[in-house]
Amino acid sequence: MLDEQAKKTILRKIPHGLYICGVKDGEEVNGFTVSWLMQASFKPPLVVNCVKQDSKSHEMIKTSGVFAISFLDAEQKHLAQKFFQPQRRVGHNRFDDVEFYLGETGCPIISESLGYVECQVVGTVAQGDHTVYVGEVIAAGVHREGESLRLETTGWQYGG
Ligand SMILES: Cc1cc2nc3c(=O)[nH]c(=O)nc-3n(C[C@H](O)[C@H](O)[C@H](O)COP(=O)(O)O)c2cc1C
């Protein structure tokens, strides 16, 4: 039988970074804070991005088949905070007061981030409450040097 408390405690020990996943649907852009993200292959370069099924962004990735990941630096906790409140609850586009530009995929990239990867969805695992989008990295850029933001330093939890 699964020990619920042990499962939660031990899964929360998986280290995570914090990123902003930029998405689009036609002209509309959106973005959300993502932590369940990692590299999954060298050749071709793949990342896996686990996206909450009931989020607006989930629908947008499903439709467009693309996403961009902006890498936050250790001092950008405020950006992660801004992008974890669902757009439908905030009532306005969270990109309204954040400087960004559109990448090759048309997805928004945060100008002040450390850098980015842009991905084309090449696989989908739709099990449970998050969909695993497998993304092939088709573009990448480095804006500047810096240390990346890690979930462990924020005092927040996402997992368990
Ligand atoms: C610390 C933290 C980490 C998160 N990590 C993820 C994640 O890995 N995947 C995900 O889909 N949502 C994650 N979320 C929740 C999304 O950021 C949130 O659902 C988002 O605001 C959805 O916005 P949308 O409905 O406009 O797409 C995380 C939230 C927090 C607070």
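What this report covers is the structure whose coordinates are included nearby. Since the structure is predicted, the reported quantities are computational estimates derived from the model, not experimental observations.

**Quick word on the sheet that holds strand 9 (residues 130-142)**
The sheet built from seven strands is open, its strands ordered 2-1-5-8-9-4-3 with antiparallel pairing. Edge positions in the sheet fall to strand 2 (28-34) and strand 3 (37-41), since each of these pairs with one other strand and no more. The average undirected angle you get between the axes of adjacent strands in this sheet is 35°. Where strand 1 (residues 19-25) and strand 5 (residues 66-71) come together, four bridges link them in antiparallel fashion. Bridge pairing links G22 to A68 in strand 5.

**Focus on the site of the ligand**
For the ligand, the set of nearby residues contains 22 residues, the closest of which are W36, C50, K52, S57 and R94. Interatomic distance of 2.9 Å between a backbone N/O atom of W36 and an oxygen atom of the ligand. A distance of 2.6 Å separates an oxygen atom of the ligand from a polar backbone atom of K52. Taken by itself the ligand offers 640 Å² of open surface, and the protein chains cover 94% of this. Those elements that place two or more of their residues in the shell around the ligand are strand 2, strand 4 (46-52) and helix 2 (56-64). Residue contributions to the shell around the ligand peak at four residues, all from strand 2. The class makeup of the residues in the shell around the ligand is eleven nonpolar, eight polar and three charged.

What counts and how
- Residues numbered from 1 in each chain as written.
- Predicted model: local features only at pLDDT ≥ 70, side-chain atom pairs only at ≥ 80, totals over all residues.
- Heavy atoms only, no water.
- Pairing = 2+ DSSP bridges.
- Helix = DSSP H or I, 4+ residues; strand = E, 2+ residues; numbered from the N terminus.
- Axes fitted to C-alpha atoms, helices over the stretch in contact; angles between N-to-C directions.
- Near = heavy atom within 4 Å.
- Polar contact = N/O pair within 3.5 Å; in protein donor to acceptor, adjacent residues only side chain to side chain.
- Areas by Shrake-Rupley, 256 points an atom, 1.4 Å probe, with all protein chains shown as cover.
- Nonpolar A, V, L, I, M, F, W, Y, C, P; charged D, E, K, R; others polar.

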